[in-house]
Amino acid sequence: MKTSFYTFLLALLLVLPGKAQDKETPPQGGEPKDFTLSEKEVINYDNGLKLVLVPYGSIPKATISINLKTGNINEAEDEVWLADLLADLMEEGTTADYSVKDKLAGMGGDLNVGVGTHTTSLSSSVLSEFTPEAMRILSDVLVDPKLPQSELERLKKDMNRNLSVALSRPGSQARKEFFAEIYPDHPYGRQYPTAEQVNSYNLEDVKGFYEENFGAQRATVYVVGNFNAEEVKTAVKEKLSSWRKGPAVEYPIAEPETAAAVKIIDRPGAPQSTIYYGLPVVDPSHDDYIALDVMNSLLGGSFGSRITSNIREDKGYTYSPNSALVANYKTGLWFENADVTTEFTGASIEEINKEIRRLQNEAPSKEELQGIQNYESGIYVLQNSSPWGIISQLSFLDVHNLPESFLVDQVKNINAITPQQIQTMAEKYIQPEKMTLIVVGDKEKIKDQVNETMKTPAEIKK
């Protein structure tokens, strides 16, 4: 009886005029707010180590991150993911006679050793009163890691299992081939090792990578949150001020290719095609970078972007297309990626090109651009409103040798971009005739579509 009554009531509301069925105009958004970095204290030690202390927030916790300017970028051709294997072994603790994980757990934290393209970090978030002691523990792991032989084979098996799962996915297959095409002679182009490589690594290889790439000259210690600064300084001086200087920072600079390759990786029977389509652009140190970043958001890098509206909302070719602006060292990369319905593979590529050409030929309206600027400003401030966000941004400045004004003035600079600048960025950098296209899908069903759209025969890879 209740169900019938509520069904009748809902039907009545839908047919009656009035506010129940009217769409209301959303309220006007507020003015974008500038990002303000808390006052920080920086201490430089004779061995090259840097300590950055940032009091932040009211929660009684502190986040510690020891960042080293080394990572996958320092791996040789036969060392892919060796940095990751080192990190996995470092999580096993220190040679000191105590359990790192148990001690940090008692402080409200845990041990995280992570590897990125340009950095390796040892980090933990603990209750404020334990910050100095947590600093000592992380320092022990950094300076004197246990690196147990007994865990090596287990970790290599885990790594190979993760590798196998990753490379079974079309997105990983496309990414692997795309980056290899753009950066053929650089670590950026070596996204995944082979299982044979992983199996070949021994403890001497791991220790060798540590010796060649770890040292105080490459290290910055970040502490953000609530903590006793003097006690933290004492802990850092005690544990790290006499650590070996080690090697200077050395990031090999890539020379990307713009060969406009077109390749299909055959995935028989696939109901979708995975597309990676892009080219090298400028890095964050370039004057055009902020405008290029805003252009990316408008073209394909946000949910309200033009490419997303076109091939997702209007055409229904895909569910989640996205473009990205990758900030590598002294080189950048722009690409669009999407999983599209097999029968619309060629049409999707054509629509992406259409949106690029449209932006090159006509500047966006002020209203459209303002919406993107508000989005970018809000996301930027939001993602930096945490200790981890602050550390991430400060590390970004350090990796790319950028002034602090890049961080502090970003909201202002985003909102200073004009529609004409957006058009110029598309003309100057996003040039389809120079773009590399990788498609993973059913070769028999997509080959003709891709060839017709790109006007060039695609290379077929198994």
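A short tour of the structure in this document, coming up. The structure presented is a predicted model; accordingly, all values stated were derived computationally and were not measured.

For the rest of this paragraph, the subject is the layout of surface pockets. Looking at the largest pocket, its volume works out to about 880 Å³. Of all the secondary-structure elements, those providing two or more residues to the lining of the largest pocket are strand E3 (61-68), strand E4 (112-115), helix H10 (289-301), strand E9 (322-328), helix H13 (366-383), helix H14 (387-399) and helix H16 (410-415). Take the lining of the largest pocket: its biggest share by element is 8 residues, from H14. Looking at the lining of the largest pocket residue by residue, the class counts come to 14 nonpolar, 20 polar and 2 charged.

Below, the discussion takes up the pairing of strand E10 (residues 331-341). Along E10, 8 of the 11 residues are buried, which leaves the element largely enclosed by surrounding structure. Of the pairings in the sheet, the one linking strand E8 (residues 272-281) to E10 comprises 10 bridges and is antiparallel in character. By the bridge assignment, tyrosine 276 is partnered in E10 with asparagine 337. Across 7 bridges, the pairing between E9 and E10 is antiparallel. Opposite alanine 324, over in E10, you have phenylalanine 335 as the bridge partner. The antiparallel hairpin formed by E9 and E10 contains 2 residues in its connecting segment, where lysine 330 sits at a positive phi of about 65 degrees.

Let's shift gears to the sheet that holds E10. Strands sit in the order E9-E10-E8-E11-E7-E12 across an open sheet of 6 strands; the sheet is mixed. Lying at the two open borders of the sheet, with one neighbouring strand each, are E9 and strand E12 (459-461). Each adjacent strand pair in this sheet contributes to an overall mean axis angle of 20 degrees, direction not counted. Its contacts with the sheet put helix H6 (residues 170-182) on strand E7 (262-266), E8, E10, strand E11 (436-441) and E12, and the angle it makes with E8 is roughly 25 degrees.

Turning to empty space enclosed by the protein, a few remarks are in order. Think of a ball as big as a water molecule: rolled over the atoms, this probe shows where empty space is left. Tallied over the full model, the rule gives 1 cavity of 30 Å³ or more. Quantified by volume, the largest cavity comes out at close to 30 Å³. Lining the largest cavity, in full, are Asn67, Leu68, Lys69, Thr119, Thr220, Tyr222, Ser395 and Asp398. Listed by contribution, the elements that provide at least two residues to the lining of the largest cavity are E3, strand E6 (219-225) and H14. By residue class, the composition of the lining of the largest cavity is 2 nonpolar, 4 polar and 2 charged.

Here we come to the nonpolar core. Here is a general trend for soluble globular proteins: nonpolar side chains tend to be buried in one another's company. With 57 residues, the main nonpolar core has Met295, Trp334, Leu394, Ile430, Leu437 and Val450 as its most contacted residues. For this core, the element with the highest residue contribution is H10, accounting for 8 residues. With 55 residues, the next largest nonpolar core counts Leu104, Val113, Tyr201 and Tyr210 among its residues.

The next point concerns the pattern of salt bridges. The full count for this structure, using the stated rule, is 25 salt bridges. For arginine 154, the salt bridge identified is with glutamate 92, shortest N-O distance 3.2 Å. A residue pair is termed long-range when its members are at least 10 positions apart, and arginine 154 in helix H5 (residues 149-167) and glutamate 92 in the loop between helix H2 (82-90) and helix H3 (100-105) qualify at 62 residues. Take arginine 154: its relative accessible area is 37%, and that puts it in the partly exposed class. A residue is classified by how much of its surface remains accessible, and glutamate 92, at 29% relative accessible area, is partly exposed. Lysine 233 is the salt-bridge partner of glutamate 230, the closest N and O atoms lying 3.0 Å from each other.

Attention now moves to helix H18 (residues 443-454). Of all the positions in H18, only Lys443, Ile446, Gln449, Val450, Thr453 and Met454 are classed as buried. Buried residues of H18 fall within an arc of 145 degrees about the axis and therefore sit on the same side. For H18, exposure combined with an orientation more than 90 degrees from the buried face picks out Glu444, Asp448 and Glu452. On its buried face, H18 is in contact with E7, E8, helix H12 (345-361), E11 and E12. Where H18 begins, the capping side chain belongs to aspartate 442, and its oxygen is found 3.2 Å from the backbone nitrogen of glutamate 444. Residue lysine 455 follows H18 closely and has a positive phi angle near 60 degrees.

A ring pair, where both rings are aromatic, is described by two values, the distance of the centres and the angle of the planes. Taken as a whole and assessed by the stated rule, the structure comprises 11 aromatic pairs. For the pair tyrosine 210 and phenylalanine 214, a centre-to-centre distance of 4.7 Å together with 25 degrees between the ring planes defines the contact as stacked. In this structure, tyrosine 210 and phenylalanine 214 share a single accessibility class: buried. Over the ring of tyrosine 319 we find arginine 312; its NZ or CZ atom is 4.6 Å from the centre of that ring. Taking NZ or CZ as reference, lysine 330 lies 5.5 Å from the ring centre of tyrosine 329, over its face.

Here glutamine 373 shows up in helix H13. According to the relative accessible area criterion, glutamine 373 is buried, its value standing at 3%. Setting aside its immediate chain neighbours within four residues, glutamine 373 contacts Val294, Ile414, Asn415, Ala416 and Ile417.

All right, on to the side chain of threonine 308 then. Structurally, the position occupied by threonine 308 is in helix H11 (residues 306-314). A polar contact of 3.5 Å, which involves the side chain of threonine 308, links it to the backbone oxygen of serine 302.

Time to look at H10. Along its 13 residues, H10 runs just 15 Å from first to last C-alpha, ending more than 12% under the 18 Å computed at 1.5 Å per residue. In terms of burial, H10 is largely enclosed, as 12 of its 13 residues are buried. When H10 is considered as a whole, its buried residues turn out to be Tyr289, Ile290, Ala291, Leu292, Asp293, Val294, Met295, Asn296, Ser297, Leu298, Leu299 and Gly300.

Rules of the game
- Residues numbered from 1 in each chain as written.
- Predicted model: local features only at pLDDT ≥ 70, side-chain atom pairs only at ≥ 80, totals over all residues.
- Heavy atoms only, no water.
- 1 Å grid on protein atoms, 1.4 Å probe; cavity = no way out; pocket = protein on both sides within 12 Å on 5 of 7 lines; lining within 4 Å.
- Points joined across faces, edges and corners; volume = space filled by probe spheres on them.
- Helix = DSSP H or I, 4+ residues; strand = E, 2+ residues; numbered from the N terminus.
- Nonpolar A, V, L, I, M, F, W, Y, C, P; charged D, E, K, R; others polar.
- Buried < 20%, exposed > 50% of the residue type's maximum accessible area, 1.4 Å probe, protein only.
- Pairing = 2+ DSSP bridges.
- Axes fitted to C-alpha atoms, helices over the stretch in contact; angles between N-to-C directions.
- Contact = heavy atoms within 4.5 Å.
- Core = buried A, V, L, I, M, F, W, Y, C linked by side-chain atoms within 4.5 Å.
- Salt bridge = Lys/Arg side-chain N within 4 Å of Asp/Glu carboxyl O.
- Arc of directions from axis to C-beta.
- Polar contact = N/O pair within 3.5 Å; in protein donor to acceptor, adjacent residues only side chain to side chain.
- Phe/Tyr/Trp six-rings, centres within 6.5 Å; stacked < 30°, edge-to-face > 60°.
- Lys NZ or Arg CZ within 6 Å of the ring centre and 35° of its normal.
- Expected span 1.5 Å × (residues − 1).

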